[in-house]
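# Residue-level structural notes
Next come the chains, spelled out residue by residue.
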Amino acid sequence: MWTTKESPSSQVNLVRRMLGPCRLWLEALSQVRLTGTKYACGRGGCGACTVMVSKYDPVLAKIRHFSVTACLVPICSLYGNAVTTVEGVGSINTRLHPVQERIAKSHGTQCGFCTPGMVMSMYTLLRNHPQPSEEQLTEALGGNLCRCTGYRPILASGRTFCVESNGCQQRGTGKCCLDPGGNDSSSVGRESDICTELFAEDEFQPLDPTQELIFPPELLRMAEKPEKQTLTFHGERVTWISPGTLKDLLELKAKHPEAPLILGNTSLGPAMKSQGHFHPILLSAARISELSVVSKTSEGLIIGAGCSLAQVKDILAERVSELPEEKTQTYRALLKQLKSLAGQQIRNMASLGGHIISRHCYSDLNPILAVGNTTLNLISVEGARQMPLNERFLAGLASADLKPEEILESVYVPHSHAWEFVSAFRQAQCQQNALADVNAGMRVLLKEGTGTIEDLSISYGGAGAVMVSAQKSCQRLIGRPWDELMLEEACRLLLEEVSLPGWAPGGKVEFKRTLVVSFFFKFYLEVLQELKKLAKFMPDSHHYPEIPDGFLSALEDFPITGPQGVQRYQSVDSHQSLQDPVGRPIVHLSGLKHATGEAIFCDDIPTMDRELFMVLVTSTRAHAKIISIDSSEALELPGVVDVITAEDIPGTNGAEDDKLMAVDEVLCVGHIICAVVAETNVQAKSAIEKIKITYEDIEPVIFTINDAIKHNSFLCPEKKLEQGNIEEAFEKVDQIVEGEVHVGGQEHFYMETQRVLVIPKAEDKELDIYVSTQDPSHVQKTVSSTLSIPINRITCHVKRVGGGFGGKVGRPAVFGAIAAVGAIKTGRPIRLVLDREDDMLITGGRHPLFGKYKVGFMNNGRIKALDIECFINGGCMLDDSEQVTEFLILKLENAYKIRNLRFRGRACMTNLPSNTAFRGFGFPQGTLITESCITAVAAKCGLLPEKIREKNMYKTVDKTIYKQAFSPETLIRCWNECLDKSSFHSRRMQVEEFNKKNYWKKKGIAIVPMKFSVGFAATSYHQAAALVHIYTDGSVLVTHGGNELGQGIHTKMLQVASRELKIPMSSMHICETSTATVPNTIATAASIGSDVNGRAVQNACQILLKRLEPIIKKNPEGTWEDWIEAAFEQRISLSATGYFRGYKAFMDWEKGEGDPFPYYVYGAACSEIEIDCLTGAHKKIRTDIIMDAGCSLNPAIDIGQVEGSFIQGMGLYTTEELKYSPEGVLYSRGPDEYKIPTITDIPEEFNVSLLPSSQTPLTIYSSKGLGESGMFLGSSVFFAITDAVAAARRERDIAEDFTVKSPATPEWIRMACADRFTEMIPRDDLRTFKPWSIPIA
C-alpha cells in the first residue's frame, strides 16, 4: 500500500527521491523495487501496469477506487491519493487475496506478464462492487491485453465473483448443455470419462470485503481539510505546479499562458513520449474541486471539466434514468460512445475537459457534443465567458478558441426536445479500446407531426485532420421531408462536402468515404423507426416511408459480451495413483507468483552496482550508405558514458549477410547502427537524439513482394514439391479456377519486450547474461563469436519469458551481443530494455505472403490438380526465411489428398526489417491459400465448402506430397466430432434462414480441418538434455533445456518427474534454465519443447530410480527420505543427466521426399459470425474446437494453449494489420495502432474439446505438443466472414469470387459487401498521388 505523506514539504521530498516531478509512477515503483507492476507499452494501451488509486470525495463523503495505468501517471498527480499495487493486494508469503488465488487456480495465467494488471483491474472492481455483474467484469478488463491465454480463463476466474455467474448458455431455459440431452448433438452426458471442470470453485476462499486495506486516516484528514497552498515541484527540465484554489490556478495560467493544464495525462503523456513534446511548466488542476462540480438544470446538465470520463458515464446514466426519453437523446448517444471509448483505466484518468480541448480528430464525444449544441464555460482572471462547442472551435480557429490565459471550467449539454433525434456512430478496427476509423454525431429536429426537417446537424470524426461538420449539406436539406429522396440527396451532398484526399493520413480513404454515407443511412433508418413509434399515438400524423423487414437488423448494434463455453477433456484412468499428476489439470507452477507480482522477469532483477543503460540508434532510411556518424554532441551530455559502434566489436559482427550493427550501409528503417550507454535510461534516450548520421540513398528501394519479383530480389533459391502430372491433370478436369491470396504480416506483441542484462565478471572474461529468450544457447554462441571468447566463459540465464511466439528465438542474440560489447568495453553491467515502439520497429514478425493458385476440379467438387506459387516478404536479411519457405511448402496440402500437386515458394528480399519465426512457422499463411482454393471450388460448383472439404480429405492410410506415410483416422475423428459437437448442419440451415430475412446483416459459418506437422525437419534439432539432482533431505531439483515462455513447460516437467520418481510435485523444484547446467540446448520452439525435454527428464529420473532399486528392494517399507539417506551413505550418485537423442527427421529437397516431421496434430474448428454490411463490423457468435492432444500431460495447460493460439490466429486473420509508409516506416508501433484481440473480441460461446483416447506411442506418455497448431484454426473465423460476405454479394448479384485478403478487417468486409453506398463514393486514380501506406504483401 503506497500512500502520500501528510505535509506538502514531505511530498516534495518524496517526489525528489523518486526521480523528479514529471517522472511516472511506473518508473518510481521500479526504483523502489516494487516490480509487480509491469512496463509493456508505455502508452496506457495494454493495462500491464494497472494499479488502484483511492481518493476520498468530500462532496459524496465516500472513498472512490479506480484503476489507472501507472505508465501515464506522473508522481506529482498522486498528491493526497492512496495507491495500491499488486504487492499490496496479497502475497504468497503472507496471504493471498481471493482475486489472486482464483486467477491462478482458474488457469488464467500463462506467461504471467499481464497478470498483475488483470489482478488490479479485477481487485479495483471488487472494491467498488463486491458482487459485480458480468457486464461490469467485462468492462473492467476491457483495457487489459493478454497475448497468451485467449482471455477465457481470466474471465472464468472473475466470473466466480459475479452475482449472476453462470457457465452455460442454456441455463435460462432450466437446462444445461452438460446435462444428458442438454445439447442436441452432444454425447457428453453419456461420456462418464469426460471432464468439463478445470478447477473446483468450491475450494476457493471467500471474498470478505471487511478484510480489505483501509484508506489511510492521514489522507482522510487531508481530504476533509484540504491544503490550499500551491505546491511546486522542480525538476531538472520541468516544473510541476499544483494550485489549491481556482483563483490561484487562474493567476498561474495568466502568468504562464503557454503551460498546459494536466489532469489525466492520457493525451499529453503519450505525446511527450512518442512525439517528443516538451513543456517546461505543467499546471495541475487535480486539486481544484470547482472543476468537478455537476449541476442539473431544467434545461440541461452542467458537467465540470475536471470530471473523468468514467464519472461522466455515471452522471449521464443517472440522468437518463431520471428524465423522459425525449430529453435524453444526446445523453444516450454520449453513453453509447463512452462504453467503447478506450479502456476502463483511461476512462478513469481522462477528463471531459481534456478530451474536448485536445480536439483529436478521432474523438468519439466531440461530434456528439457539437451536434448537441454544447456550450463551453470558460474562465480566466478577466472573468467568465461562454463559447459554443462547434465546428469552428473543433477546427482550432483562433477566433473560436480559448485565449491562452483561459481554462475550461465546465461543459453545458442541453436536453433534447420532442421530435429531436440524436444518434452516435463509430467504426474501429475492433469493438472496444480502439481508435475509431470514422465516428459521427447526428441530430435532426423534425416539425411536429410531420417528417419535415427543421434543423439538422452532422459531424464526423476521423474523416479529416480535424472534426468535420457538414454544415452546407445540412442547410440544403432543411425543409425536406424525411424520405428516400432526401436520403439520396443527403448522401450526394455529404460526399461532396466531407471530402478526403486519396493520400489522407490514416489511409482507408474509400472505406471512410463509404462510412460517411453508411452512417447517415443508419441514422435515416433510426429516425424512421422512431417516427413509426410516434405515429402509433398520433393517428392523423404524416405517413412515413416503410422500413423493409430485411432492413431492421441494420438498426441493432453488436452487444459487448463476455464468453461462455465448455472445456472437455478425458479424465485420468480410475486406477491411476492420486499422487500421479500426469493427465490432471495442475495449476501453472508460477501461477500464484504471477498473480502476486512476485514472479521475477528479466527486467525485475535489481539494479547492479555501476550498471549502465543502453539504448539503440536505428536507421531512418530504408536503403542508404552511411556517410558519417557524429556522436560528439551526444558524448558531451551528462551521464553519457560511451557510444558503441561496429568498430568496437572485438570478434565477428554477426554473419556476412546479417550484421549485428550496420557497417557502411543500412538495409531498412530500424536497422541498428550504434548504441548509447549512459548512467540512466533517460540520459541514454536523450543522447540518441544528438547523434547525427549522414546518409546517401541507394536505389532500388524495395518494400513490396511485387517489387521484389520485378527486381528478382530473393533471399534464397526456390523451394519446390511436385507429385503426379499436373499439366496432364489440368487438361482432363471440368473446370479451372485461378486466384490470388494476400496475407498480411503479424507482430508478435509479446507482453514483455526484448530485454537483456549483461554482467561482466572480474576475472577470465566471464559474463553472466540474463535474457528473455527462447534459445539461450544461441545467445551464448553469438556473444562468444562477437567477443571472440570461448563459449564456456558465458552463462545465459532464463528464469521465465513474458511471451515469445517465435520472436525470441533469434533476435535476443543480437541484443545480447550488442549489450555484451558495451559491457566489455565499459567494464560495467549493461541493461537493454526495448520500448514497445522500438521492439516493433526493429524485430520483424510473421512473413507477409502473396500466393497464386490454379485449381482444376470436376463438377462434383473433386479436385484433380492444384498448383500454388507462394512468395513471402522476408525483409532485408535471411534470418529464418528459408526455413519458413520450406515449412510453408511442406505443409500446404493440409488435410487434403490431391493426386496432382505443384507447390513452389520463394522468400523475397526487401528493404524492411527481417521477418522471423512466428508461431505456426508459415503454416497459418500458406494453408489459407489451400483453404481459399476449397471455397473457390465450392462457389464454382454451387456446393457448400464443407462438402468440398469432405470430398477431398485424406480418407485412408496414405503418403503426403513428400512421401511421408500417415493415417488420417484421427483427422477424420476430429472432423466428425466437430461437426457433431457444433451442431454444424442444423446451424448451417439457421444461418441461411437468417440471411434470407436480413439484407444489411449477414451470418456466416465455416468449419476447417487441420493436419499440423510438429517439430523441426532435422533430427539434431530434436535432441534434449536434463539434469536432475536429489538432495539428502529428499528434495529434487530438476533442470532441463526448455524455457518457460508461459506454455507451462516447467509444470509439465515436474509432472513427468513426479510420475517417474513416484514422489509428489511439492518435493520438486525448477530454478531456471541455464547454459551452465544444461549445455548445447535447442530453441524452445516448433511445439516440441515438452516432448523432447520430457523424454530427457524421464531418462534422468529412470537412471536415478535404477540406482535406487537395490536400496528400495532392501527396505520396501521405507520412505523416500530413508532411501535417499541410505543411497548417500552407500555413495550412490544422486545426480543424473538425462538425454534424448531426438526424433528422426529428414528432408531431401532434391528428391522432394523425406520424413521431416515426427508426428502430426489433428484438429478442426467451426466458427459462426455475423457481419454488419454497412460498417464492416463483425460479431463472433460461437466457436467449437476439437483438438487431438494425444493423452494430455496437463489438460488445463493444453486447453489454454489451444485457446490462446486460436485467439492469436483469429487476430492474424481479422484485426492485426501492419501499416508501412511509402518510405518503409512502420506506422503501427503500439497498441493504439496495432490491435491484437481484446477481451470483447472472443466468441460469445467458446467450446474446446480435447479428443479422447488418442494414442501416440512415439511421444512422452502419448502426449502431443499443442503450442502452435491452434493458430491456423483461427481461420475458421476468417472463412465464416468470407461466407457471410459471399452471401451478401450473392444477394446483390455481384460475383461471388473475390480476391482473398487477410486480415478481414472492417475495411475489407465493408468494401467487399458492395452496395449502393460503395458505388456512389468517388474513386481515386492511384497513379496521381502518393498513398499514406503501401501493401507489402
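Residues numbered from 1 in each chain as written. Predicted model: local features only at pLDDT ≥ 70, side-chain atom pairs only at ≥ 80, totals over all residues. Heavy atoms only, no water.

## Notes on the overall build of the protein chain
The cut-off we apply is this: Each helix corresponds to a stretch of at least 4 residues labelled H or I by DSSP, and each strand to a stretch of at least 2 residues labelled E; elements are numbered beginning at the N terminus. Each radius of gyration is computed over the set of C-alpha atoms, and the globule rule expresses the reference value as 2.2 Å times the number of residues to the power 0.38. Using a 1.4 Å probe on the protein chains alone, a residue whose accessible area is under 20% of its type maximum counts as buried, one over 50% counts as exposed, and one in between counts as partly exposed. Residues count as neighbours in contact if any of their non-hydrogen atoms are within 4.5 Å of one another. Each accessible area value is a Shrake-Rupley result obtained with a 1.4 Å probe; residue values ignore everything except the protein chains displayed when judging cover. A residue counts as positive if it is Lys or Arg and as negative if it is Asp or Glu; His and the chain ends are not included. One atom stands in for each charge, and that atom is NZ of Lys, CZ of Arg, CG of Asp or CD of Glu.
Each helix and strand counted, the protein chain has 40 helices and 48 strands in total. Over its C-alpha trace the protein chain gives a radius of gyration of 31 Å, about what one expects of a compact globule, namely 34 Å for 1337 residues. A buried classification covers 64% of the 1337 residues belonging to the protein chain. Here the contacts in the protein chain between residues at least 6 apart in sequence split such that 78% fall between residues at least 24 apart. When the accessible area of the protein chain is evaluated, it comes to approximately 48,300 Å², of which 50% is carbon and sulfur surface. Charged side chains of the protein chain number 139 positive and 159 negative; the gap between the two group centres comes to 1 Å.

## Examining the packing of helix H29 (residues 923-941) against helix H30 (residues 945-952)
Here is the rule we go by: Fitted lines through C-alpha atoms give the axes, limited to the stretch in contact for helices. The angle between two N-to-C directions lies from 0 to 180 degrees. Working rule for handedness: look at the near helix, and if it is turned counterclockwise from the far one by less than a right angle, call the crossing left-handed; if clockwise, right-handed. Note on residue classes: Ala, Val, Leu, Ile, Met, Phe, Trp, Tyr, Cys and Pro are nonpolar, Asp, Glu, Lys and Arg are charged, and everything else, Gly too, is polar.
Closest axis-to-axis distance for the H29/H30 pair is 8 Å, and the angle between their directions is 115°. Where H29 crosses over H30, the two elements pack in a sense that is right-handed. Listed contacts from H30 to Glu-931, Ile-934, Thr-935, Val-937 and Ala-938 of H29 are Pro-945, Ile-948 and Arg-949. Looking at the contact of H29 with H30, its residues break down into five nonpolar, one polar and two charged.

## Here we look at the sheet that holds strand E26 (residues 719-723)
Definition in use: Criterion used throughout: strands pair if DSSP finds at least two bridges between them.
Spatially, E26-E34-E33-E32-E27-E48 is the arrangement adopted by the six strands of the open sheet, whose pairing is mixed. In the strand order of this sheet, the two ends are held by E26 and strand E48 (1300-1302), each with one partner. Going from strand to strand, the sheet's axes swing by 10° on average, the running direction of each strand aside. With three bridges connecting them, strand E27 (residues 735-743) and E48 associate as parallel partners. Bridging across to E48, Val-741 finds its partner in Val-1300. Contacting E27, strand E32 (849-857), strand E33 (863-873) and E48, H29 crosses the sheet at an angle of about 40° to E32.

## Describing the confidence of the model for the protein chain
What counts, and what does not: Confidence of the predictor in every single residue is expressed as pLDDT, which spans 0 to 100.
When the pLDDT values of the protein chain are averaged, the result is 93; 96% of them are 70 or greater. Here residues 1-19 scores under 50 on pLDDT; set against residues more than four positions off or in separate chains, the count is 56 contacts. When the criterion is pLDDT under 50, residues 169-175 qualifies, and its contacts beyond four places in sequence or with other chains add up to 10 contacts.

## Observations concerning a negative patch on the surface
For clarity, the threshold we go by: Residues enter patches when they are more than 30% accessible in relative terms and free of salt bridges; like-charged ones are connected within 9 Å and nonpolar ones (Val, Leu, Ile, Met, Phe, Trp, Tyr) within 5 Å. What makes a salt bridge here is a side-chain nitrogen of Lys or Arg within 4 Å of a carboxyl oxygen of Asp or Glu, nothing more.
On the surface, Asp-1033, Glu-1121, Asp-1122, Glu-1125 and Glu-1129 cluster together to form a negatively charged patch. Mapped onto the fold, Glu-1121 is located in helix H35 (residues 1120-1129). Classification of Glu-1121 as partly exposed rests on a relative accessible area of 39%.

## A closer look at unusual backbone geometry
In this model, Glu-699 is joined to Pro-700 through a cis peptide bond whose omega is -5°. With respect to the helices, strands and loops of the structure, Pro-700 is situated in the loop between strand E25 (692-697) and helix H23 (705-710). Across the junction of Ser-1302 and Pro-1303, the peptide omega takes the value 10°, indicating a cis bond. As for its position among the elements, Pro-1303 is in the loop between E48 and helix H39 (1306-1312). Of note, Lys-508 is a non-glycine position whose phi angle comes to about 55°, a positive value. Its place among the elements puts Lys-508 in the loop between helix H18 (484-497) and helix H19 (509-535). Using a relative accessible area of 13% as the deciding quantity, one classes Lys-508 as buried.

## Here we look at the side chain of Thr-124
Relative to the assigned elements, Thr-124 resides in helix H5 (residues 115-128). Assessed through its relative accessible area of 4%, Thr-124 is described here as buried. Excluding residues that lie within four positions of it along the chain, Thr-124 makes contacts with Met-52, His-65, Phe-66 and Ser-67.

## What to know about the pattern of salt bridges
Think of it this way: side chains of opposite charge can pair up when their charged atoms draw near. In this structure the tally under the stated criterion is 71 salt bridges. Between Glu-1203 and Arg-152 there is a salt bridge whose closest N-O contact spans 2.9 Å. With Glu-1203 in helix H36 (residues 1195-1214) and Arg-152 in helix H7 (residues 152-159), this residue pair connects regions lying 1051 residues apart in the sequence. Assessed through its relative accessible area of 0%, Glu-1203 is described here as buried.

## With respect to the side chain of Asn-911
Filter applied, for reference: In the analysis that follows, any N or O atom pair within 3.5 Å is treated as a polar contact, provided that within protein one partner can donate a hydrogen and the other can accept it, and provided that, for residues neighboring in sequence, both atoms belong to side chains.
In this fold, Asn-911 is placed in the loop between strand E34 (900-908) and H29. Looking at Asn-911, its side chain comes within polar contact range of the main-chain oxygen of Leu-667, at 3.0 Å. Those residues within four positions of Asn-911 in sequence are excluded, and the remaining contacts are Ala-622, His-623, Leu-667, Cys-668, Pro-700, Val-701, Ile-702 and Phe-703.

## Looking at the packing of helix H25 (residues 776-787) against helix H26 (residues 811-826)
Operational definition: Angular relationships are summarised with four words: roughly parallel below 35 degrees, roughly antiparallel beyond 145, roughly perpendicular across 65 to 115, and oblique for the angles in between.
Axis separation between H25 and H26 bottoms out at 8 Å; the angle between their running directions is 40°. Between H25 and H26, the angle falls in the class oblique. Handedness of the H25/H26 crossing: right-handed. Along its contact with H25, which presents His-778, Val-779, Thr-782, Val-783, Thr-786 and Leu-787, the element H26 presents Pro-812, Ala-813, Gly-816, Ala-817, Ala-820, Val-821 and Ile-824. Class assignment of the residues belonging to the contact of H25 with H26 gives a composition of nine nonpolar, four polar and no charged.

## So, the environment of Glu-1170
Looking at the element boundaries, Glu-1170 is found in strand E45 (residues 1159-1172). For the pair Glu-1170 and Leu-493, spaced 677 residues apart in sequence, the C-alpha to C-alpha distance is 31 Å. In this view, Glu-1170 contacts Phe-558, Phe-994, Lys-1001, Lys-1002, Lys-1003, Ala-1177, His-1178, Lys-1179 and Ile-1181; residues no more than four positions away in its chain are not counted.

## Considering H35
Under the convention used in this document: When we speak of the arc, we mean the arc of directions from the helix axis to the C-beta atoms.
Looking at H35, one finds that the buried residues are Trp-1120, Trp-1123, Ile-1124 and Ala-1127. Looking straight down H35, one finds that the buried residues subtend no more than 95° of arc, so they occupy a single side. Against strand E38 (1024-1030), strand E39 (1036-1040), helix H33 (1049-1061) and helix H34 (1089-1114) lie the buried residues of H35. Backbone geometry just downstream of H35 places Arg-1131 in the positive-phi region, at approximately 60°.

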